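Here is how the chains run, residue by residue.
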Amino acid sequence: MKIKMLDLSEQYQSMKKEVMAKLDEVMSSSQFILGDNVKQLEADVAKYSGVNYGVGVGNGSDAIHIALQAAGVEAGDEVITTAFTFFATGGAIARAGAVPVYVDIDPVTFNIDPAKIEAAITEKTKAIIPVHLYGQMADMEAIRHIADEYNLVVIEDAAQAIGAKQNGKSVGELGTAATYSFFPTKNLGGYGDGGMIVTNDEELAEKARVIRVHGSKPKYYHHVLGYNSRLDEMQAAILNVKFPYLDKWSHSRRERAAYYTDQLETKLEGIVQTPVQKQGNYHVFHQYTLRVPKRDELQQYLKEKGVATMVYYPQPLHVQPVFKELGYEEGDLPETEKAAKEALSLPMYPELKQDDQDYIIEKIVAFYENAFEKEQKSVEATKELTK
Ligand SMILES: *Cc1c(COP(=O)(O)O)cnc(C)c1O
């Protein structure tokens, strides 16, 4: 038995003809940079996000960096975010010359806790980056409220959450801008790197368009410092083929998540904590992430049984060596640090088979039966000895 975290091969086989035809079209046209496919995807993804503008860029990390720059974040500004995220969130802030300020998470959703944001705001605070982790949106209404009060920019890191909603509003509607990644493993993934900024702010969109081409406007004249970060035409062509299936895939992910949750809650109630979808949220389950006791032992056990799992993320950003100079210490963000020790993501993708899910669930149940039996035995043995 071998179950991967994610298997992209079946999906490719199902759309191979369409993809190949599109790629042939691009290659025959010789239009490889910022052509019609990029324009079409920008329009479609912006509309899908309920906003007017989309700007395709090289990857999801650059999307955050460029969005910050286009929103006017400058050297020395502070940007509030979560430390329980992929490195790129903090990395993009630092690359923009700004200072990441890490705020603890809501233990229920793993997302930034809005109740802790205000205490982190200073004179220098310019922006907030909520990350919609695992496919569930952070509390955008609360964040919007704080941002309005303190006149802050909000960039939603939606790399894991394309298609997610909150009280009927899409990713991108309540933020100043939202950023997507089309990395192959994301819910809408290309066959290489890609990313996009979506926004209703026309000026921000225009600045982002200039920054992605070296800050060149008019051509060969540079008023701002940009760099080369464009969404590739071939990737856009592939993504245009995949995009119409996105809602169906999100639905499949949600079905698989519901199955895991139903089974695990029946069989391991009170032992593992299944993901919580907060009221009003439409979770798109980029990851299906549990909180579990004996996490590392469970992961090792599942590995031996042929089941891949992942820890997203074992080392929070505030204690990453590269951010040492920010002065954070272990203990500063207790909920973040606790989550980093307990979170375990199970295999999750739209084509995941129910038989595979059954096998995974069976092995998790077996692990805890063994683990608790052993513990019971050692308690009894200790009792024997101390008689
Ligand atoms: C994947 C990811 C990114 C970065 O996207 P890339 O396209 O890989 O650069 C940023 N933030 C989060 C939360 C991500 O999961």
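Residues numbered from 1 in each chain as written. Predicted model: local features only at pLDDT ≥ 70, side-chain atom pairs only at ≥ 80, totals over all residues. Heavy atoms only, no water.

**Comments concerning the site of the ligand**
Now for step 1: Neighbouring the ligand are 14 residues; Gly 60, Ser 61, Asp 157, Ser 181 and Lys 186 lie closest to it.
Now for step 2: Breaking the shell around the ligand down by element, the ones donating at least two residues are α3 (60-70) and α4 (87-95).
Now for step 3: By residue class, the composition of the shell around the ligand is four nonpolar, eight polar and two charged. (Near = heavy atom within 4 Å. Helix = DSSP H or I, 4+ residues; strand = E, 2+ residues; numbered from the N terminus. Nonpolar A, V, L, I, M, F, W, Y, C, P; charged D, E, K, R; others polar.)

**What about the packing of helix α1 (residues 9-29) against helix α7 (residues 233-242)?**
Now for step 1: Relative to each other, α1 and α7 sit at 135°, their axes nearing to 9 Å. As far as their axial angle goes, α7 and α1 are oblique. α7 is crossed by α1, and the crossing has right-handed handedness. Between α1 and α7, the contacting residues are Gln 11, Met 15, Glu 18, Val 19, Lys 22, Leu 23, Val 26 and Met 27 on the first element and Glu 233, Met 234, Ala 237, Ile 238, Val 241 and Lys 242 on the second.
Now for step 2: Residue classes in the contact of α1 with α7 are distributed as nine nonpolar, one polar and four charged. (Axes fitted to C-alpha atoms, helices over the stretch in contact; angles between N-to-C directions. Parallel < 35°, antiparallel > 145°, perpendicular 65-115°, else oblique. Left-handed = near helix turned anticlockwise from the far one by under 90°. Contact = heavy atoms within 4.5 Å.)

**Concerning the domain arrangement of the protein chain**
Now for step 1: In terms of domains, the protein chain is made up of domain 1 (9-104 + 111-245) and domain 2 (246-378).
Now for step 2: Here the C-alpha centroids of domain 1 and domain 2 sit 26 Å apart.
Now for step 3: If you look at the interface, domain 1 gives 41 residues, while domain 2 gives 36 residues.
Now for step 4: Summing both sides of the interface, domain 1 and domain 2 together bury roughly 3,300 Å²; the carbon and sulfur share of this comes to 58%.
Now for step 5: At the boundary of domain 1 with domain 2, the tally comes to one salt bridge. (Domains from an automatic or database assignment. Buried area = accessible area lost by both parts, 1.4 Å probe. Salt bridge = Lys/Arg side-chain N within 4 Å of Asp/Glu carboxyl O.)

**Things to note about the packing of aromatic side chains**
Now for step 1: One pass over the full model with this rule turns up 15 aromatic pairs.
Now for step 2: One aromatic cluster is present, built from ring pairs that chain together Phe 87, Tyr 102, Phe 323 and Tyr 328.
Now for step 3: Over the face of the ring belonging to Tyr 282 we find Arg 254, whose NZ or CZ atom lies 4.0 Å from the ring centre. (Phe/Tyr/Trp six-rings, centres within 6.5 Å; stacked < 30°, edge-to-face > 60°. Lys NZ or Arg CZ within 6 Å of the ring centre and 35° of its normal.)

**A word on the pairing of strand β1 (residues 53-57)**
Now for step 1: Of all five residues in β1, four are buried, a share of seventy percent or more.
Now for step 2: The sheet contact formed by β1 and strand β9 (residues 195-199) spans five bridges and is antiparallel. Note that in β9 the partner of Gly 56 across the bridge is Met 196. (Buried < 20%, exposed > 50% of the residue type's maximum accessible area, 1.4 Å probe, protein only. Pairing = 2+ DSSP bridges.)

**Notes on the pattern of salt bridges**
Now for step 1: Under the criterion given, the structure shown has 16 salt bridges.
Now for step 2: One salt bridge connects Arg 212 with Glu 42, and the closest N-O pair in it is separated by 2.9 Å. On the criterion of sequence distance, the pair formed by Arg 212 in the loop between α6 (202-211) and α7 and Glu 42 in helix α2 (residues 36-48) is long-range, its members being 170 residues apart.
Now for step 3: Overall, Arg 212 belongs to the buried group, its relative accessible area being 7%.
Now for step 4: According to the relative accessible area criterion, Glu 42 is buried, its value standing at 7%.
Now for step 5: Salt bridges sharing partners connect three or more residues here, namely Glu 206, Arg 209 and Lys 217.

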